[in-house]
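Commentary on secondary and tertiary structure
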Amino acid sequence: MSTENLPQSPDQPQRKPRVAVVFGGRSSEHGISMVTAGAVLRAIDRTKYDVLPIGITQSGRWVLTADEPERMAITERRTPNVEQLAESGEGGVVLPVDPANREVVYTEPGSVPKALGEIDVVFPVLHGPYGEDGTLQGLLELSGVPYVGSGVLASAVGQDKEYMKRVFTSFGLKVGPYVVIRPREWEQDESAARKKIIDLAGDHGWPLFVKPARAGSSIGITKVEDLSGLDDAIAEAQRHDPKILVEAALRGREIECGVLEFEDGPRASVPAEIPPPDAHAYYDFEAKYIDSTPGIVPAPLTPEETADVQRLAVDAFEAASCEGLVRADFFLTEDGEFVINEINTMPGFTPISMYPQMWQAGGISYPELVDRLIEAALRRSTGLR
């Protein structure tokens with residue numbers, strides 16, 4: 001559906017497409033989602049679109065929020081919270097469940113439900129489980145509402161680092177050594193599960209990176225230098241996800257590349273390099289979002305290396321059946337080989353985030369990038385495609 005051909009009744013004037021920006025959520029990346037939402041709300045062309053901000057609290061309640069992006073910023077090294085912007089402490093927003101009806105309804109205890117009008121597209125800027133992992137996408141598919149970004153399968157694959165790596169391997173993309181510890185393994189035999197990790201270190205050396213298998217923004221990750229730090233690292237990862245992933249360290253440069261869906265298919269951005277942060281052991285949450293460690297855009301690569309990583313980024317996008325956008329993260333190893341680490345189907349999306357910066361270096365501004373993503377969503381139908 002294009003923005004010029006929205007359905008109208010004969011007695012209605014032409015109206016602008018209505019974009020619901022959905023943010024917050026139940027994951028540990030709640031605050032970062034809000035920062036992203038603030039940037040998107042600032043960038044959306046209000047002469048072209050009507051906007052409805054919808055926040056999801058950490059308890060899972062959908063609420064109307066103030067359209068005040070300036071309040072969605074990190075202040076005093078703290079991330080914001082949806083509850084701070086909610087227009088009511090009890091009211092809730094209900095999306096349609098009938099594909100023939102896109103009317104959003106607001107309900108409050110003791111009051112008659114209030115219709116808020118139809119939405120034409122959802123821009124979900126949720127990060128992590130219960131939003132970026134296919135759950136919200138499934139709800140929107142049932143509702144018949146178009147949305148920005150990947151569908152159910154690609155979102156789920158992009159969130160679960162184990163199955164992401166399995167998909168990449170099946171398509172011939174090279175991944176680094178890793179092991180997965182599922183919750184049942186840990187519950188039934190901690191010693192055997194721990195031995196899998198120790199064997200990984202025996203084969204590939206220390207350090208290891210212990211991660212929640214289904215989280216992002218570098219939350220819950222620990223760089224483990226030796227056996228003495230392993231148990232604390234496992235406990236920290238399991239605090240965010242009962243399933244954990246442990247990766248061997250790869251020696252090399254961290255290279256990122258964006259992918260954006262155009263009318264004729266996906267294209268790769270200018271790549272960027274993430275230099276080792278001076279004040280951090282690795283590119284962790286604080287380095288990314290609190291201290292805003294700058295990346296190098298464009299990455300200082302040879303023309304051949306640039307072409308290789310761009311091709312591999314698009315290959316990863318296609319392997320996982322992605323739509324809309326992806327940031328693909330690689331290591332360029334000391335022997336000159338690109339190893340894919342992961343993809344993000346809804347990457348950090350503030351103006352200082354790497355994904356927008358890479359496209360800006362290629363001539364696409366942040367507002368134009370937001371507009372292209374909305375237009376791509378409006379062109380797509382929901383359902384099998």
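Below: a short report on this structure. All of these numbers come straight from a predicted model, not from anything done at the bench.

Gaps left between atoms are located by rolling a probe of water-molecule size over the structure's atoms. Here the structure, examined in full by the defined rule, presents two cavities of 30 Å³ or more. In this model, the largest cavity occupies a volume close to 70 Å³. Looking at the largest cavity, the residues that line it are Pro-124, Leu-126, Gly-131, Glu-132, Gln-137, Val-148, Gly-149, Ser-150, Ser-155, Thr-345 and Met-346. Across the lining of the largest cavity, the residue classes tally to four nonpolar, six polar and one charged. If you add up the space inside the second largest cavity, you get close to 30 Å³. Residue lining of the second largest cavity: Pro-146, Tyr-147, Ala-377, Arg-380, Ser-381, Thr-382 and Arg-385, and that is the complete set. Looking at the lining of the second largest cavity residue by residue, the classes come out as three nonpolar, two polar and two charged.

Within the open sheet, the four strands sit side by side as β8-β11-β9-β10. Their pairing is antiparallel. Each edge of the open sheet carries a strand with a single partner, namely β8 (178–181) and β10 (222–224). Pairs of neighbouring strands in the sheet enclose a mean axial angle of 20°, with direction left out of account. Pairing of β8 with strand β11 (residues 244–248) involves four bridges; the strand directions are antiparallel. Paired with Ile-181 across the bridge in β11 is Ile-244. The sheet strands contacting helix α6 (residues 190–204) are β8, β9 (208–212) and β11, and the helix crosses β8 at an angle near 175°.

Turning to unusual backbone geometry, a few remarks are in order. Residue Pro-207 is reached from Trp-206 by a cis peptide bond, and omega for that bond is 0°. On the secondary structure map, Pro-207 appears in the loop between α6 and β9. Looking along the chain, the bond that leaves Val-297 and enters Pro-298 is cis, with omega of -5°. The backbone of Tyr-130 sits at a positive phi, close to 65°, despite the residue not being glycine.

Summed over all chains, the structure comprises six aromatic pairs. Grouping aromatic residues by their ring pairs yields a cluster made of Phe-123, Phe-262, Phe-349, Tyr-355, Trp-359 and Tyr-366. One Lys or Arg, Arg-26, reaches over the ring of Tyr-130 and ends 4.0 Å from the middle of that ring. If you follow Lys-165 out to its NZ or CZ, it ends over the ring of Tyr-178, 5.5 Å from the centre.

Once that is clear, we can look at helix α1 (residues 30–43). Owing to its 3.6 residues per turn, the α-helix brings residues three or four apart onto one side. Look at α1: 20 Å from first C-alpha to last across 14 residues, which is about the 20 Å you get at 1.5 Å a residue. Most of α1 sits out of view: 13 of its 14 residues are buried.

Scanning all chains against the criterion turns up zero disulfides. Unpaired in this structure, Cys-322 has its nearest cysteine sulfur neighbour in Cys-257, at a distance of 13 Å. For Cys-322, a relative accessible area of 6% translates into the label buried.

Moving on: the packing of α1 against helix α11 (residues 366–379). Put simply, α1 and α11 touch, their axes get as near as 9 Å, and they point 90° apart. Considering their axes alone, α1 and α11 lie roughly perpendicular with respect to each other. Between α1 and α11, the residues in contact are Thr-36, Ala-39, Val-40 and Ala-43 and Tyr-366, Pro-367 and Val-370, respectively. Within the contact of α1 with α11, the residues separate by chemical class into six nonpolar, one polar and no charged.

Grouped together as the largest cluster of nonpolar side chains are 35 residues, with contacts concentrated most on Val-21, Val-40, Ile-44, Phe-123, Phe-349, Val-370 and Ile-374. When residues of this core are traced back to their parent elements, those giving at least two are β1 (18–24), α1, β7 (121–124), β12 (252–262), α10 (354–361) and α11. Ranked by the residues each element gives to this core, the list is headed by α11, at seven residues. Judged by nonpolar contacts, the second largest core, of 27 residues, contains Leu-173, Val-309, Leu-312 and Leu-332.

Criteria and cut-off values
- Residues numbered from 1 in each chain as written.
- Predicted model: local features only at pLDDT ≥ 70, side-chain atom pairs only at ≥ 80, totals over all residues.
- Heavy atoms only, no water.
- 1 Å grid on protein atoms, 1.4 Å probe; cavity = no way out; pocket = protein on both sides within 12 Å on 5 of 7 lines; lining within 4 Å.
- Points joined across faces, edges and corners; volume = space filled by probe spheres on them.
- Nonpolar A, V, L, I, M, F, W, Y, C, P; charged D, E, K, R; others polar.
- Pairing = 2+ DSSP bridges.
- Helix = DSSP H or I, 4+ residues; strand = E, 2+ residues; numbered from the N terminus.
- Axes fitted to C-alpha atoms, helices over the stretch in contact; angles between N-to-C directions.
- Contact = heavy atoms within 4.5 Å.
- Phe/Tyr/Trp six-rings, centres within 6.5 Å; stacked < 30°, edge-to-face > 60°.
- Lys NZ or Arg CZ within 6 Å of the ring centre and 35° of its normal.
- Expected span 1.5 Å × (residues − 1).
- Buried < 20%, exposed > 50% of the residue type's maximum accessible area, 1.4 Å probe, protein only.
- Disulfide = S-S within 2.5 Å.
- Parallel < 35°, antiparallel > 145°, perpendicular 65-115°, else oblique.
- Core = buried A, V, L, I, M, F, W, Y, C linked by side-chain atoms within 4.5 Å.

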